[in-house]
Amino acid sequence: MSTTSKPTSAKDRVVFLDVLRGFALTGILFANILSWSGIKFLPFESIIELGNVQVDSILYKILTFLVDTKFYTIFSILFGVGFYMQLSRNLDNPSFAGFYFKRQLLLLLIGSIHTFFWSGDILMLYALMGMILIGLRRIPVQKFLAVGAGLYFFPIVLDIIYMYSFAQDLPVIEKAALKTYSDMSPEAVVAGFQSGEFFKTFSTNWHNVFWRWYDFIPSGRPFKVLGLFFFGSYLYHKEFFTKGALKTKNLLTFLIIGIVFTTITINMKGSVASFSRDWNNVLYRVLHEFGQIGLSLSYICILAKFVERFTNSKVVEWLKNYGRMSLTSYVGHTVMGILVFYPVIAFGYFGKLTLETIYYVAWVILVIQIAFSTIWFKYFKFGPVEWLWRCASYGKWFPILKDK
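Quantities reported herein were computed from a predicted structural model and do not represent experimental measurements.

Draft legend 1. Up close: the overall build of the protein. In terms of regular secondary structure, the protein is built from 16 helices and zero strands. Oriented by its inertia axes, the alpha-carbon framework of the protein measures out at about 60 × 45 × 40 Å. A total of 404 residues make up the protein; the buried ones form 52% of that total. A separation of at least 24 residues holds for 79% of the contacts in the protein among residues at least 6 apart in sequence. Surface summary for the protein: the accessible area is close to 19100 Å², and the carbon and sulfur share equals 67%. For the protein, the separation between the mean place of its 38 positive charges and that of its 23 negative charges on side chains is 13 Å.

Dropping the structure here:
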């Protein structure tokens, strides 16, 4: 019986999962760039003054329908997949729980550094939920689906409790920007990031960090993420990524569910990030979650069919490399984003570009990152951040250069 956890070797990697990670990162980039660019915090009047309102409005509607929450859902599912792959290889390993907990502590450290520069980090939450996940590892895999669904929809129950306890008494905040805070005007947030002063820029970011974590209460994000971890583990156990995702019946079912429920919720105009004050918003949240899961799973099915049909295509190769260094690529989004948009760092385009132009920047970032990952893996075995995380986890230096 092995008493030492072993790292995943290249031959043990599932190519489609790497491709899926790369695909998820693409959507995450286009969602998160609203924050680095400043358009998320810009007063609506300022957005109108930038011009291009008609095109930007169409782009934002596309983002809301096709991208928003769907790609973080896939990314969370993949975290669960990674957990189950490690767990299944270490069922009889008494040291695995301690090792996995250590990895999550290291991920928490990486996320903390990342959060210092950008409030939208997800790694800290993943690490904390990963620690809980390892504590629940004895739950039979046959119950993972039920546990995952229960956790995922539990915030709806909490929301109803909040609605009848204190939500009705909370002040109504008039929405003056895509993201509006109760204690800081959009103008003040934008001014903080545009100041060009290190302390003022990042104190504004830390203000946003506080409110992001506060928002986890009404949104129930921790429960949802942990639920998606269990869901991803269950899907991998059921061979969904290698068999189920290739079935046309599954694709059509998930796509119809996703389109129908997402369309309904967009027309209802509710919120999953705020406390519900009436049953209409509770219903909105329920339908939104079904739409989110439906579209996310349909994307997985579509990509699975694409990879099966075009296995040797350049697109598949690019996404695979991009996904193999998913941690490096995710942190790299922020590095490149703040280089372009934060004046305290470099170019200072924060709050100065239309959404259309911002998405051109996103495409440039994506191309640069894919090119970097493709070139990198010609010479190296692991992505740079992945390599450091691996070495720290196992307490030894792994060779990073490919064998000649």
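Draft legend 2. Molecular detail of helix 9 (residues 198-219). End to end, helix 9 covers 31 Å across 22 residues, agreeing with the expected 32 Å (1.5 Å per residue, within 8%). Within two residues after helix 9, G220 carries a phi angle of roughly 70°, on the positive side.

Draft legend 3. Structural view of the environment of F153. Mapped onto the elements, F153 comes out in helix 7 (residues 144-165). Look at F153 and you get partly exposed, because its relative accessible area is 25%. Excluding anything up to four places from it in sequence, F153 contacts V286, E289 and F290.

Draft legend 4. Expanded view of the packing of helix 1 (residues 15-37) against helix 3 (residues 53-67). Two elements in contact, helix 1 and helix 3, have axes separated by 11 Å at closest approach and are oriented at 130°. With respect to their mutual orientation, helix 1 and helix 3 come out oblique. Read as a crossing pair, helix 1 and helix 3 show a hand that is left-handed. Packed against helix 1, whose contacting residues are G27, F30, A31 and L34, the element helix 3 presents Y60, L63 and V67 at the interface.

Draft legend 5. Summary view of the nonpolar core. Judged by nonpolar contacts, the single largest core of 104 residues is most densely connected at I33, Y126, F240, F241, L297, I300 and F341. Residues within four places of I300 in sequence aside, it is in contact with F16, L20, I74, F240, F241 and A245. Among the nonpolar cores identified, the runner-up in size contains eight residues, and M325, W376, W387 and I400 belong to it.

Draft legend 6. Expanded view of unusual backbone geometry. A positive phi angle, near 65°, is found at N52, a position not held by glycine. Along the chain, the position of N52 falls in the loop between helix 2 (44-50) and helix 3. Its identity as a non-glycine residue notwithstanding, E239 has a phi of 60°, on the positive side. Looking at the element boundaries, E239 is found in the loop between helix 10 (221-237) and helix 11 (248-268).

What counts as what
- Residues numbered from 1 in each chain as written.
- Predicted model: local features only at pLDDT ≥ 70, side-chain atom pairs only at ≥ 80, totals over all residues.
- Heavy atoms only, no water.
- Helix = DSSP H or I, 4+ residues; strand = E, 2+ residues; numbered from the N terminus.
- Buried < 20%, exposed > 50% of the residue type's maximum accessible area, 1.4 Å probe, protein only.
- Contact = heavy atoms within 4.5 Å.
- Areas by Shrake-Rupley, 256 points an atom, 1.4 Å probe, with all protein chains shown as cover.
- Lys, Arg positive; Asp, Glu negative; His and termini not counted.
- Charge placed at Lys NZ, Arg CZ, Asp CG, Glu CD.
- Expected span 1.5 Å × (residues − 1).
- Axes fitted to C-alpha atoms, helices over the stretch in contact; angles between N-to-C directions.
- Parallel < 35°, antiparallel > 145°, perpendicular 65-115°, else oblique.
- Left-handed = near helix turned anticlockwise from the far one by under 90°.
- Core = buried A, V, L, I, M, F, W, Y, C linked by side-chain atoms within 4.5 Å.

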